[in-house]
Amino acid sequence: MNAKLIDGKRIADDIIENCARRIDPLKSAGKTPGLAVIMVGENPASQVYVRNKVRACEKAGVYSEMHHMSADTDEKTLLKKIASLNEAEKIHGILLQLPLPTGIDNEKVLAAINPQKDVDGFHPFNIGRLCSGLPALWPCTPSGCMEMLRRTGIPVAGGRAVIIGRSNIVGKPMALMLINAGATVTVCNSQTVDLPAIAGEADILVAAVGRANFISAEMIKPGAVVLDVGINRTPDGLVGDVNFNEARTVAGHITPVPGGVGPMTVAMLISNTVQAAAG
């Protein structure tokens, strides 16, 4: 078997083009969607992610501001910056680039963002609505995964989904989205007993564990859909959490790294910003 590639870059480009079309009537009404990105410190990976997000804003016609704060920024100063952006009329979305330096309470500062401007979808208000199956600004990476499934014509309802990784950013919201879509969902973590056996039951396998090439062919059900959320820097370049060369001989569909889930995360950020501006 040779798995079909799910081209995240192509789908993401289509979403961004669609966002540009949605923005035109907003601009005609005097409202240009605006995104403010806050980055604290000099994390090299964060700098790359931020550049990609700013480029996507330019492509879609979204106004963007970059607020780069020094690594020694304290929590009070960061909260003050968030408060000012909450009040800024031309800003409809606020993205706080993670990770934050030691000494800053992630949960506190994320909760300080106006939930109507929380385009990352991490505010407790938006997570609560997701849990209830209600419309909201949902986390970008899981939303991108769901959009890939939808656009590829992969059925979710009635299927068995297994997520490897229980982070607040990907694993948990991914589980909620799949549950809302009618899947039977298992979330695995470092304490899971007999992980290969559980993973091997999945019709949809989501790898979000943060370990290069962790998922082997033996852990994949023949014909399964494999969504690789991992981005790991190795001496050989970027690789995912899935051993791609092995997995593609077993899976039915698979996302590559790079070019799979990553571009979708950025595209859904732009989509959330447009949604926030439209109100």
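About the criteria used
Residues numbered from 1 in each chain as written. Predicted model: local features only at pLDDT ≥ 70, side-chain atom pairs only at ≥ 80, totals over all residues. Heavy atoms only, no water. Helix = DSSP H or I, 4+ residues; strand = E, 2+ residues; numbered from the N terminus. Rg over C-alpha atoms; globule rule 2.2 N^0.38 Å. Buried < 20%, exposed > 50% of the residue type's maximum accessible area, 1.4 Å probe, protein only. Areas by Shrake-Rupley, 256 points an atom, 1.4 Å probe, with all protein chains shown as cover. Lys, Arg positive; Asp, Glu negative; His and termini not counted. Charge placed at Lys NZ, Arg CZ, Asp CG, Glu CD. 1 Å grid on protein atoms, 1.4 Å probe; cavity = no way out; pocket = protein on both sides within 12 Å on 5 of 7 lines; lining within 4 Å. Points joined across faces, edges and corners; volume = space filled by probe spheres on them. Contact = heavy atoms within 4.5 Å. Core = buried A, V, L, I, M, F, W, Y, C linked by side-chain atoms within 4.5 Å. Pairing = 2+ DSSP bridges. Axes fitted to C-alpha atoms, helices over the stretch in contact; angles between N-to-C directions. Right-handed = clockwise from strand over helix to strand, strands pointing away. Expected span 1.5 Å × (residues − 1).

(A) Examining the overall build of the protein more closely. Assigned secondary structure in the protein consists of ten helices and eleven strands. For 279 residues, the compact-globule estimate of 2.2 N^0.38 gives 19 Å, and the protein sits close to it at 19 Å. Taken along its principal axes, the extent of the C-alpha atoms in the protein is 50 × 45 × 40 Å. Counting every position in the protein, which comprises 279 residues, the buried fraction comes to 49%. A total accessible area of about 12,600 Å² is found for the protein, and carbon and sulfur atoms account for 53% of it. Computed over 27 positive and 26 negative side-chain charges, the separation of the two mean positions in the protein equals 4 Å.

(B) Seen up close, the layout of surface pockets. Empty space within the second largest pocket amounts to approximately 280 Å³. Lining the second largest pocket are 13 residues, and of these Trp138, Ser143, Met146, Glu147 and Met268 lie nearest its centre. At the level of elements, α6 (140–152), α7 (171–180) and α10 (261–278) are the ones that each hand at least two residues to the lining of the second largest pocket.

(C) View of the environment of Leu178. Tracing the chain through its elements places Leu178 in helix α7. For the pair Leu178 and Cys145, spaced 33 residues apart in sequence, the C-alpha separation works out to 9.9 Å. Filtering out sequence-adjacent residues up to four positions away, Leu178 remains in contact with Met146, Leu149, Val156, Ala161, Ile163, Ala183 and Val185.

(D) Molecular detail of the nonpolar core. Ranked by size, the top nonpolar core spans 51 residues in total, and within it Leu35, Val62, Leu149 and Leu178 carry the most contacts. In terms of residue count, α10 provides more of this core than any other element does, ten residues in total. Here Leu149 is in contact with Ile154, Val156, Leu178, Ile204, Val225 and Leu227, once residues within four sequence places are set aside. If you look at the next biggest cluster of nonpolar residues, it comprises 20 residues, including Ala3, Leu195, Val242 and Val250.

(E) Representation of the sheet that holds strand β6 (residues 184–188) in the model. The strand order across the open sheet formed by six strands is β1-β11-β8-β7-β5-β6, and the pairing between neighbours is parallel. Two strands bound the open sheet, and with one partner strand each, they are β1 (4–5) and β6. Relative to strand β11 (residues 253–254), β1 runs parallel, the two being bridged by two bridges. In the sheet register, Leu5 faces β11, and the bridge partner there is Ile254. Where α7 meets the sheet, its contacts fall on β5 (160–164), β6 and β7 (204–207), and the angle it forms with β5 comes to roughly 170 degrees.

(F) Spatial organisation of the pairing of strand β3 (residues 63–69). As paired elements, strand β2 (residues 34–40) and β3 share seven bridges and run parallel to each other. Residue Gly34 lies in a different strand from β3, and its bridge partner there is Tyr63. The parallel pair β2 and β3 is bridged by helix α2 (residues 44–60), and the resulting crossover is right-handed.

(G) Spotlight on α6. Taking 1.5 Å per residue as the helical rise, α6 with its 13 residues ought to reach 18 Å, and the 18 Å between its terminal C-alpha atoms agrees with that figure. Counting buried positions along α6 yields ten of 13 residues, so the element is predominantly enclosed. When α6 is considered as a whole, its buried residues turn out to be Cys140, Thr141, Pro142, Ser143, Gly144, Cys145, Met146, Glu147, Met148 and Leu149. Along its buried surface, α6 packs onto α1 (8–28), α7, β7, β8 (225–228) and α10. Downstream of α6 by one or two residues, Gly153 has phi in the positive range, about 75 degrees.

(H) Spotlight on the sheet that holds β2. Read across the sheet, three strands follow the order β3-β2-β4 without closing on themselves; strand pairing throughout is parallel. The open sheet has two free edges, formed respectively by β3 and β4 (93–96), since each of these has just one partner strand. Here the strands of the sheet are splayed against their neighbours by 15 degrees on average, with no regard to which way each runs.

(I) How the structure looks around unusual backbone geometry. The amide bond that connects Leu98 to the next residue, Pro99, takes the cis arrangement and shows omega of 5 degrees. Within the secondary structure, Pro99 is located in the loop between β4 and α4 (106–112). Even without a glycine there, the phi angle at Asp194 is positive, about 55 degrees. Along the chain, the position of Asp194 falls in the loop between β6 and α8 (195–199). Taking relative accessible area as the criterion, Asp194 reaches 48% and is therefore assigned partly exposed. We note that Asn213 has phi near 55 degrees; this positive angle belongs to a residue other than glycine. Within the secondary structure, Asn213 sits in the loop between β7 and β8. Classification of Asn213 by relative accessible area gives partly exposed; the value is 37%.

Everything listed here is a matter of geometry and, on its own, says nothing about what the molecule does.
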